Amino acid sequence: MTEPLQDFPSDPPLSRLYRQFATDEPSQAIDERILAAAKAALGAGERSPGADRGRWWRRWRTPLALATTLVLTLTLSLLQQPPPGDGFVPAVPGPQVAPAPAAAPPAKFADPEARPAAAVAPPSPARTAGALSDRQAETRQQSRPASTGVGERDREVKSESVAERVSSAAAKPAPPATEPAATRSERTDVAPAVAGTVTGNRSEAPLAAAPGRVPAAALAKSRAQAVRTASVWLDEIRALRREGNLQEAERQLREFRREYPDYPLPEDLRP
Amino acid sequence: MHGEWSDERLMLAYRAGDADAFTTLYGRYRGPLHRYLARQCGNPTLAEELYHEVWIKVINARANYEPLARFSTWIFRIARHRLIDHYRQHAHQLPLQFAPHAGDPAADGPDDLLATLPAPSHETPHAVHERQQVAERISLALAALPAAQRDVFLLAEEGGLTLEEIAAATDCGRETTKSRLRYALSKLRHSLQDLL
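In this text, all values refer to a predicted model and were calculated from it rather than measured experimentally. (Residues numbered from 1 in each chain as written. Chains lettered and ligands numbered in written order. Predicted model: local features only at pLDDT ≥ 70, side-chain atom pairs only at ≥ 80, totals over all residues.)

(A) Broad picture of the overall build of chain A. Within chain A one finds 12 helices and zero strands. Along the chain direction, N to C, the helices and strands of chain A fall in the order α-α-α-α-α-α-α-α-α-α-α-α. Buried residues in chain A amount to 25% of all 271 residues. Taking the intrachain contacts of chain A between residues at least 6 apart in sequence as the baseline, contacts between residues at least 24 apart amount to 80%. (Helix = DSSP H or I, 4+ residues; strand = E, 2+ residues; numbered from the N terminus. Buried ≥ 20, exposed ≤ 12 C-beta atoms within 10 Å, placed from the backbone. Contact = placed C-beta atoms within 7 Å.)

Given below as structure tokens:
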């Protein structure tokens, strides 16, 4: 294009003569065929299967990716849940276990130090009672300046009575495994009372008002506690028999079988 | 609007889906491309068939088209390759008497298939008396040229290509192209001297 004209061999008169008589052109029919092919090629390009697949994939890839992620997340979370219990899990009686799930989360969130004391309350009442009594005293001192409402004071009174009851139970010389039956009936009351005590001064209301939000870990822990409670109860019955208190042992056994009808009794306790 | 666009822009517009751009582009090249093929192969029916195939190639190549060179260079190169392919496929049909021009320094060697092409049948003396005298004279003069010289002349006149573009399209050097064009012009002037 930038070629110098003098370098390009040319003959203007000859070129003029050639162009003057070179007028033959293709037929109209072939013109129409080619133009139709050109338009058809554009239409085919727009409707090509590859393009359709591309559009489909572009439209659905984000929802599909989200759905896949959701399914994977749910599957993994279900797999990560702990098994409901090791071996036999008895039917959980209402009064014993129901407060435990409500008690576990507040203890965890309200005061991390108080959680062990509340969690181990059933198997070792003496230790729990000591810890609780210390805890209650501390809690009272912490909450007293801040609490001014009647409800707070009522909760403190209740906490004091519970702490005293637990302390008196702990003051008995009997070891935890040979705890008297009366203490056991008290202990069933301790769990809710402790829960109320520990959480009463801090953040009891929101979590207690939503029992359906109990975490799965707390639920599993409460089930494990129920299993331990049954075994401890059986130990207590054995202790009563060893002490010669057969009547009380029989009564405790009947009560045990009423609360745990499916629990297989050990050989030594079978009638 | 399309009439002011360059060939390359029209082709890019067609690639983007503008069918009218192709119509404009086709209108610019339908005559020159057809004449190039018709004068090179000498058979009107075959010329139309090749002409159609060249445009189909252009249509199918639109997706990969990039304006690396002028559109005219590109399409005439396609036409020339299609012509060579045709004669490679039908080389056994070429009569032996249509050998390359011996002793012509501007004619290519035996590897140039275009050099073996016969003169257009409708422009042989047998059909000359049915046409107008001047057109017949021009056609005969072109047919009498060696194929390589005719090729260069037609690419320059019909395609408007420069020496470099013709050299690239014919896969030969610039000076060779220049020499072929000079010989072609000289022979045509000599044949058509009384018409100029």
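(B) Broad picture of the overall build of chain B. Per the secondary structure count, chain B includes nine helices and zero strands. If you list the helices and strands of chain B from N to C, you get α-α-α-α-α-α-α-α-α. In chain B, which comprises 196 residues, the proportion classed as buried is 39%. Taking the intrachain contacts of chain B between residues at least 6 apart in sequence as the baseline, contacts between residues at least 24 apart amount to 62%.

(C) Representation of unusual backbone geometry within the structure. The phi angle at B:Asp171 is positive, at roughly 55 degrees, despite the residue not being glycine. Checked against the element boundaries, B:Asp171 lands in the loop between helix H8 (163–170) and helix H9 (174–191).

(D) Examining the interface of chain B and chain A more closely. Each partner contributes residues to the interface: chain B has 32 residues there, and chain A has 26 residues. Every element with two or more residues in the side of chain B that touches chain A is listed here: helix H2 (19–41), helix H3 (44–60), helix H6 (133–144), H8 and H9 of chain B. Looking at the side of chain B that touches chain A element by element, the count peaks at nine residues for H2(B). Its residues assigned to classes, the side of chain B that touches chain A comprises 18 nonpolar, six polar and eight charged. (Nonpolar A, V, L, I, M, F, W, Y, C, P; charged D, E, K, R; others polar.)

(E) Spatial organisation of the nonpolar core. Counting 53 residues, the largest nonpolar core has B:Leu33, B:Leu37, B:Ile75, B:Ala79, B:Val152, B:Leu155 and B:Ile166 as its most contacted members. Among the elements that take part in this core, H2(B) stands out by supplying nine residues, more than any other. Beyond its immediate chain neighbours, meaning those up to four positions away, B:Ile166 contacts B:Val152, B:Leu155, B:Ala156, B:Leu161 and B:Thr177. Ranked by size, the runner-up nonpolar core spans five residues in total, among them A:Val232, A:Ile237, A:Leu240 and A:Ala249. (Core = buried A, V, L, I, M, F, W, Y, C linked by C-beta atoms within 7 Å.)

(F) Highlighting the packing of H2(B) against helix H7 (residues 147–157) of chain B. All names here are of chain B. The geometry of H2 relative to H7 is characterised by a closest axis approach of 10 Å and an angle of 170 degrees between their N-to-C directions. Put simply, H2 runs roughly antiparallel to H7. Here Tyr-36, Arg-39 and Gln-40 of H2 lie close against H7, whose contacting residues are Arg-150, Asp-151 and Leu-154. Partitioning the contact of H2 with H7 into residue classes produces two nonpolar, one polar and three charged. (Axes fitted to C-alpha atoms, helices over the stretch in contact; angles between N-to-C directions. Parallel < 35°, antiparallel > 145°, perpendicular 65-115°, else oblique.)

(G) Region of interest: H7(B). H7(B) sits mainly inside the fold: 11 of its 11 residues count as buried. Along H7(B), the positions that sit buried rather than exposed are B:Ala147, B:Ala148, B:Gln149, B:Arg150, B:Asp151, B:Val152, B:Phe153, B:Leu154, B:Leu155, B:Ala156 and B:Glu157. Elements that come into contact with the buried residues of H7(B) comprise helix H1 (12–21) of chain A together with H2, helix H4 (71–89), H6, H8 and H9 of chain B.

(H) How the structure looks around H1(A). By the burial criterion, the buried members of H1(A) are A:Leu14, A:Leu17 and A:Tyr18. Along the axis of H1(A), the buried positions cluster into a sector of 100 degrees, meaning they face one direction only. Turned more than 90 degrees away from the buried face of H1(A), the exposed residues are A:Pro12, A:Pro13, A:Arg16, A:Arg19 and A:Gln20. Its buried side turned inward, H1(A) meets H6, H7 and H9 of chain B. (Arc of directions from axis to C-beta.)

(I) Up close: the packing of H4(B) against H8(B). Residues and elements named next belong to chain B. It is the contact of H4 with H8, at a shortest axis distance of 9 Å, that shows an interaxial angle of 35 degrees. Crossing hand, H4 versus H8: right-handed. Together, Thr-73, Phe-76, Arg-77 and Arg-80 of H4 and Glu-165, Ala-168 and Ala-169 of H8 make up the contact between the two elements. Its residues assigned to classes, the contact of H4 with H8 comprises three nonpolar, one polar and three charged. (Left-handed = near helix turned anticlockwise from the far one by under 90°.)

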